[in-house]
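# Inside the fold
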Amino acid sequence: MSTGNPCVMGIDLSLTRTAVATLTPRGSRVNSHPTFGRKEATLTERWKRLDEIAGWVLGQVNLSENFVVIESPAHGQATGSHHDRSGLWWMIVNQLAVLRVPVVEVAPTSLKKYATGKGNAGKDEVILRSARRYGD
């Protein structure tokens, strides 16, 4: 692991469009990866989708990253394939641990409060405030 130049990667997990942001002294970049699923997908189809997303995310990781930040699962959420999202979260966190990349978990309300000053801000407001703060 590099310790001289701070480098951080943020992961915004989603079953429809996962995004990865990297911030280094040389600048920042954001990449996203769309995927599509069906409500009636088989177990094998669901696993393949999660494996595709996890593979893409892990392909974005540079082992010189000092740490990775990932949003904590929303444990109170009972809609929208929460079980699959939790599985995806663990697939990625497990691989980062195997690669010995430190992972920092951030609660959704903390992330929103940092970005906007409000813990209940919507996604659009977080994006707008982040763009104003960091550009791009």
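For the structure, check the block above.
Residues numbered from 1 in each chain as written. Predicted model: local features only at pLDDT ≥ 70, side-chain atom pairs only at ≥ 80, totals over all residues. Heavy atoms only, no water.

## Quick notes on the overall build of the protein chain
What counts is decided by this rule: Counting from the N terminus, the helices are DSSP H or I runs at least four residues long and the strands are E runs at least two residues long. Working definition: with a 1.4 Å probe on protein chains only, accessible area under 20% of the residue-type maximum means buried, over 50% means exposed, and in between means partly exposed. Note on contacts: a residue pair is in contact if any heavy atoms of the two residues lie within 4.5 Å. Using a 1.4 Å probe, accessible areas were evaluated by the Shrake-Rupley method; residue-level cover was limited to the displayed protein chains.
Within the protein chain, the regular secondary structure consists of four helices and five strands. For the protein chain, the N- to C-terminal ordering of α and β elements is β-β-β-α-β-α-β-α-α. Across the 136 residues in the protein chain, those meeting the buried criterion constitute 29%. The long-range share in the protein chain, meaning contacts at least 24 apart out of those at least 6 apart in sequence, stands at 57%. By element, 55% of the accessible surface of the protein chain is carried by carbon and sulfur atoms, the whole surface being about 8800 Å².

## Quick word on the nonpolar core
Looking at soluble globular proteins, one finds that nonpolar side chains tend to be buried together. Operational definition: In this text, buried Ala, Val, Leu, Ile, Met, Phe, Trp, Tyr and Cys residues form a nonpolar core when linked through side-chain atoms within 4.5 Å.
Ile11, Leu13, Val57, Leu88, Ile92 and Leu96 are the most contacted members of the largest nonpolar core, which has 20 residues in total. Mapped by element, the contributors of at least two residues to this core are strand 1 (8–12), helix 1 (43–60), strand 4 (67–71) and helix 2 (82–98). For this core, the element with the highest residue contribution is helix 1, accounting for six residues. Excluding residues that lie within four positions of it along the chain, valine 57 makes contacts with Ile11, Leu13, Thr18, Val20 and Ile92.

## Describing helix 1
The line we're drawing: Working rule for helices: expected span equals 1.5 Å times residues minus one.
The end-to-end C-alpha distance of helix 1 is 26 Å, a good match for the 26 Å that 18 residues give at a rise of 1.5 Å each. Looking only at helix 1, the buried set comprises Arg49, Leu50, Ile53, Ala54, Trp56, Val57, Leu58 and Gln60. On the buried face of helix 1, the contacting elements are strand 1, strand 2 (17–24), strand 3 (27–34) and helix 2.

## What about the sheet that holds strand 1?
This is how the line gets drawn: Following DSSP output, two strands are said to pair if at least two bridges run between them. Every axis in this analysis is a line fitted to C-alpha atoms, fitted for helices over the stretch in contact. Angles between the N-to-C directions lie between 0 and 180 degrees.
Strand order in this open sheet of five strands is 3-2-1-4-5, and the pairing throughout is mixed. Edge positions in the sheet fall to strand 3 and strand 5 (103–106), since each of these pairs with one other strand and no more. This sheet shows a mean twist of 20 degrees between the axes of neighbouring strands, independent of strand direction. Its contacts with the sheet put helix 1 on strand 1, strand 2 and strand 3, and the angle it makes with strand 3 is roughly 165 degrees.

## Some words on the environment of serine 64
With respect to the helices and strands, the residue serine 64 is situated in the loop between helix 1 and strand 4. Overall, the relative accessible area of 30% leaves serine 64 in the partly exposed class. Between the C-alpha atom of serine 64 and that of cysteine 7, which follows or precedes it by 57 residues, the distance is 7.5 Å.

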